[in-house]
Amino acid sequence: MTEYSGVNEAIRQLSICNACRYCEGYCYVWDAIEMKFIIEPGYVEHLANLCHDCRDCYYACPYNEPDHAFKLNIPKTLGNVRMETYENFIRPKILKKVLQKEGIITLLTIIIIFIASLLYISSRFGIYNFYKIPVTSVFPVYLFKGVSYFIYLYVAVLWIFEGVAYWNEINDGKHMNSMGIFKAIYDAINHKNFWGGGTGCKIPSENNKYERPVAHMMVFFGFIIALISVLFYPGIISGYAGYAYFIGSILLFAGSIGMIHIHMVDTKGLRSEKQSAIDYPFTVLLFFVGFTGILIPISVKTYIFNWNFLIHDVFILTLFILAPFSKFIHPLFRFLSLIKYRIDTGSS
Ligand code: SF4
Ligand code: SF4
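The rules behind these values
- Residues numbered from 1 in each chain as written.
- Chains lettered and ligands numbered in written order.
- Predicted model: local features only at pLDDT ≥ 70, side-chain atom pairs only at ≥ 80, totals over all residues.
- Heavy atoms only, no water.
- Helix = DSSP H or I, 4+ residues; strand = E, 2+ residues; numbered from the N terminus.
- Buried < 20%, exposed > 50% of the residue type's maximum accessible area, 1.4 Å probe, protein only.
- Polar contact = N/O pair within 3.5 Å; in protein donor to acceptor, adjacent residues only side chain to side chain.
- Patch = residues over 30% accessible without salt bridge, like charges linked within 9 Å, V, L, I, M, F, W, Y side chains within 5 Å.
- Areas by Shrake-Rupley, 256 points an atom, 1.4 Å probe, with all protein chains shown as cover.
- Salt bridge = Lys/Arg side-chain N within 4 Å of Asp/Glu carboxyl O.
- Lys, Arg positive; Asp, Glu negative; His and termini not counted.
- Charge placed at Lys NZ, Arg CZ, Asp CG, Glu CD.
- pLDDT = per-residue confidence, 0-100.
- Phe/Tyr/Trp six-rings, centres within 6.5 Å; stacked < 30°, edge-to-face > 60°.
- Lys NZ or Arg CZ within 6 Å of the ring centre and 35° of its normal.

(A) How the structure looks around the environment of S123. With respect to the element layout, S123 can be found in helix α7 (residues 102-124). Residue classification places S123 among the exposed positions, given a relative accessible area of 58%. Separated by 2.8 Å, the side chain of S123 and the backbone oxygen of Y120 make a polar contact.

(B) Main features of a positive patch on the surface. A contiguous patch of positive charge, built from K93, K96, K97 and K101, is present on the exposed surface. Summarising the element assignment, K101 is placed in the loop between α6 (96-100) and α7.

(C) Seen up close, unusual backbone geometry. Here the amide bond leading from E65 into P66 is cis, since omega sits at -5°, within 30 degrees of zero. Looking at where P66 falls in the secondary structure, it is placed in the loop between α4 (56-60) and α5 (74-89). A cis amide bond links R91 with the next residue in sequence, P92, at an omega value of -5°. Secondary-structure assignment places P92 in the loop between α5 and α6. Here the phi dihedral of R21 falls at roughly 60°; this positive angle occurs in a residue that is not glycine.

(D) Quick look at the confidence of the model for the protein chain. Of all residues in the protein chain, 98% attain a pLDDT of 70 or more, and the chain-wide mean is 93. Looking across the protein chain, the model is least confident in helix α8 (residues 135-138), with a mean pLDDT of 90, and most confident in helix α14 (residues 305-321), with 97.

(E) Focus on the pattern of salt bridges. Across all of its chains, the model carries 14 salt bridges by this definition. Note that R55 and D266 form a salt bridge whose closest N and O atoms lie 2.9 Å from each other. Residue R55 is located in the loop between α3 (41-50) and α4, and its partner D266 is located in the loop between α12 (240-265) and α13 (273-298); the two are separated by 211 residues in the primary sequence. If you follow the salt bridges from partner to partner, you end up with K36, D172, K174, K340 and D344 in one network.

(F) Broad picture of the packing of aromatic side chains. Scanning the model with the defined rule gives 28 aromatic pairs in all. Ring centres 6.1 Å apart and planes at 35° place the aromatic pair F144 and F309 in the tilted group. Residue F144 is found in helix α9 (residues 141-170), and its partner F309 is found in helix α14; the two are separated by 165 residues along the sequence. F309 carries the same exposure label as F144, and that label is buried. Three or more aromatic residues link up through ring pairs in this structure, and these residues are Y152, W159, F223, F282, F320 and F328. The cationic tip of K36 hangs over the ring face of Y43; the distance from NZ or CZ to the ring centre is 4.8 Å.

Rendered as structure tokens:
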């Protein structure tokens, strides 16, 4: 039996789909396939990042593995290619090893930042006195905002390098335009391809259609709300920005629990194992960011407040330091593929 892998296997499966076309209309992937007679590797990477893994096409297909000789599983195969895309376009390239060992490197990064934080605290305030020092003395506004802006800039610069490399691979010589970007933002916000072809996302099971889109939306909007609120530090501890940060953290916490639950109960063997390997540590990290974020207003005026705030910052720093080399790069590639789709289809 021939063993297929990665892009070649995706081309094999998608060529069968291009003759069948039963799944037309399920998502943007199927409209995009119709535009090509011959599917090239760069185009497969684009299709892989257009796929939001709703599994509608899997359940519709009569040619699936393991029973049919065609052995199709489009979402799983595109998931494998997505993972290869991330590896191919991580910059600097050497750091694709972070993605390949995301779980252990996430843990190590947390430990290193935590130890560095302890050294800073013990040298400035003493570990035992730490809990009674005002948080704005431990993390003065200039330090907090300086580190935040620096880390945002660091992620933005690396994402630009990675995004340009990916765009050059998929763009077919076409230029971006503002309406294409605007429509892609609309698609990203309303989670267009998460809902399947109108029948709902079929992860974790064929009958559980709303858990994943809803959980992902909670994480998505929770993260954005929290990200904006942070700019108002120290207002995230009290005041309106504090309420917003609390709401963002609740959404992040609840959404990440939903995503972890989905990982745990998902039908075994249907998903790209490579994708699952990076999804899990990322989602668990989001869970801890959300959990410690919720504790910020709840723990004000208690002895755990400073420690929780510190640990919360350790998780956030880890999330952002690893952002260009972890599962966190997925919105970048998805967004660029949504832009390309909008430009290609003329719906921009
Ligand atoms: S996934 Fe199956 S049913 Fe859908 S287009 Fe491909 S071959 Fe046809
Ligand atoms: S988004 Fe859903 S329907 Fe579209 S290719 Fe992926 S799994 Fe199939």
